[in-house]
Amino acid sequence: MTEKNKQLSRFGFSFERGGAHSSRTMMLKELGTLLTYVDRPEAEKSDYFQAIDDENCLGKRSGKTRTLTYRHLVDLYSLDRANVLFRALLYFWNRDIEAQPLLALICTFARDPIFRSTAPFILKFPEGATITRESLEEFIDAQEPGRFSKATLKSTAQNINSTWTKSGHLYGRARKVRSRANPAAGSVSYALLLGYLTGVRGQALFQTEYTKLLDCTFDKAIELVEEASRKGWIVFKRVGNVIEVLFPNLINQEEMEWLREQS
């Protein structure tokens, strides 16, 4: 792991070689059910484990399935409020229901390398283009030839296509067609935050790999971030081409120290 990646892992980013998408989607429904059941911003990671494993809030049939479900949700979202990535996800999740699919996608992108690697492939397609599972399989295999068996490639591609469908980037069941995602004030703010944590500042925050996930023009993103600022979620200032975005509600003092160390 590079020094930069080690620093980012303190915020909740993940660069592990594996990824939940080899066996699951981004589990949007399970995440929503869990966060509704454990409806406390101060909840600890152990509270989420108890809700899933002991109280079976997700209605799983066996203890093994409950444990696996918890592990996959941790892989995708960390479920640890010590990580600003999850803490901020929770903050916007509870304030902007419309943003939830893209919030989950952005967090998944930051934590699942296998899924993250497919973003350039999916996002390059114009609206209305058909994306076959086979073409996605070929793309994944080309990243590390021979890493996955044919069966694993197929299931991974299916899971990844399903996640991009849940986020609004694709539609259709057997035949996947590229569509435009629907960004909201919360998802734009979250994408900007992740860019900020990587060291990006000013207008460049609107051009990161995280904001590209939004399928959003610069003007639309500005409109949505102004809305978030009016609601007091973030701080947004603009004078001509000079832009400043700050996150006083989301980044604590220790994390600000880490950011100063990075720069």
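Participant: Would you mind going over the packing of aromatic side chains with me for this structure?
Facilitator: Any pair of aromatic rings gets described here by the distance separating the centres and the angle formed by the planes. Taken as a whole and assessed by the stated rule, the structure comprises 13 aromatic pairs. When the ring of Phe11 is compared with that of Trp258, the centres are 5.7 Å apart and the planes differ by 65°; the resulting orientation is edge-to-face. Here the residue Phe11 occupies a position in the loop between helix H1 (3-9) and helix H2 (28-37), and Trp258 occupies one in helix H14 (residues 253-262), the gap between them amounting to 247 residues. Residue Phe11 shares its accessibility class with Trp258, and that shared class is buried. Three or more aromatic residues joined by ring pairs make a cluster, and in this case those are Tyr91, Phe92, Tyr190 and Trp233. Stacked on the ring of Tyr91, the Lys or Arg Arg95 has its end atom at 3.6 Å from the ring centre.

Participant: Explain the layout of surface pockets here, please?
Facilitator: Size it by volume and the largest pocket reaches roughly 160 Å³. Taken together, Arg17, Pro113, Ile114, Ser117, Ile140, Gln143, Glu144, Arg147 and Phe148 make up the lining of the largest pocket. Every element with two or more residues in the lining of the largest pocket is listed here: helix H7 (113-117) and helix H9 (133-143). Per element, the largest residue contribution to the lining of the largest pocket is three residues, and it comes from H7. Of the residues in the lining of the largest pocket, the class split is four nonpolar, two polar and three charged.

Participant: How do you make sense of the side chain of Ser78 when you look at a structure like this?
Facilitator: With respect to the element layout, Ser78 can be found in the loop between helix H4 (63-77) and helix H5 (84-93). Exposure remark for Ser78: the relative accessible area of 4% places this residue in the buried category. Within the local environment of Ser78, its side chain forms a polar contact with the side chain of Asn83, the two groups lying 3.3 Å apart. Filtering out sequence-adjacent residues up to four positions away, Ser78 remains in contact with Lys45, Leu73, Asn83, Phe86 and Arg111.

Participant: So what exactly am I meant to see when it comes to H5 here?
Facilitator: Two residues of an α-helix separated by three or four positions point the same way, owing to the 3.6 residues in each turn. For H5, the tally of buried residues reaches nine of 10 residues, placing the bulk of the element in the interior. When we look at burial in H5, the residues that qualify are Val84, Leu85, Phe86, Ala88, Leu89, Leu90, Tyr91, Phe92 and Trp93.

Participant: Please clarify how the pattern of salt bridges should be interpreted in this entry.
Facilitator: Where charged atoms from two side chains of opposite charge come close, those side chains can pair. Tallied over the entire structure, the rule returns 15 salt bridges. Residue Asp47 pairs with Arg40 through a salt bridge whose shortest N-O separation is 3.2 Å. Note that Lys231 and Glu227 form a salt bridge whose closest N and O atoms lie 2.9 Å from each other. The exposure class assigned to Lys231 is partly exposed, which follows from its relative accessible area of 47%. When salt bridges that share partners are traced, they join Arg17, Glu144 and Arg147 into one network.

Participant: So what exactly am I meant to see when it comes to the environment of Ala110 here?
Facilitator: Mapped onto the elements of the fold, Ala110 is located in helix H6 (residues 100-111). Its relative accessible area of 1% is what places Ala110 among the buried residues. Along the primary structure Ala110 and Asn5 are separated by 105 residues, whereas in three dimensions their C-alpha atoms are 11 Å apart. When residues no more than four places from it in sequence are discounted, the contact partners of Ala110 are Phe13, Ser14, Leu85, Arg116 and Leu194.

Participant: I tried to follow unusual backbone geometry on my own but got confused; where do I start?
Facilitator: You will see that Met27, though not glycine, has its phi angle at about 55°, which is positive. Locating Met27 in the fold gives a position in the loop between H1 and H2. If you check the backbone angles, Asn56 has positive phi at about 50° while not being a glycine. Of note, Asn56 is situated in the loop between helix H3 (45-54) and H4. The partly exposed category is assigned to Asn56, whose relative accessible area is 25%.

Conventions adopted
- Residues numbered from 1 in each chain as written.
- Predicted model: local features only at pLDDT ≥ 70, side-chain atom pairs only at ≥ 80, totals over all residues.
- Heavy atoms only, no water.
- Phe/Tyr/Trp six-rings, centres within 6.5 Å; stacked < 30°, edge-to-face > 60°.
- Helix = DSSP H or I, 4+ residues; strand = E, 2+ residues; numbered from the N terminus.
- Buried < 20%, exposed > 50% of the residue type's maximum accessible area, 1.4 Å probe, protein only.
- Lys NZ or Arg CZ within 6 Å of the ring centre and 35° of its normal.
- 1 Å grid on protein atoms, 1.4 Å probe; cavity = no way out; pocket = protein on both sides within 12 Å on 5 of 7 lines; lining within 4 Å.
- Points joined across faces, edges and corners; volume = space filled by probe spheres on them.
- Nonpolar A, V, L, I, M, F, W, Y, C, P; charged D, E, K, R; others polar.
- Polar contact = N/O pair within 3.5 Å; in protein donor to acceptor, adjacent residues only side chain to side chain.
- Contact = heavy atoms within 4.5 Å.
- Salt bridge = Lys/Arg side-chain N within 4 Å of Asp/Glu carboxyl O.

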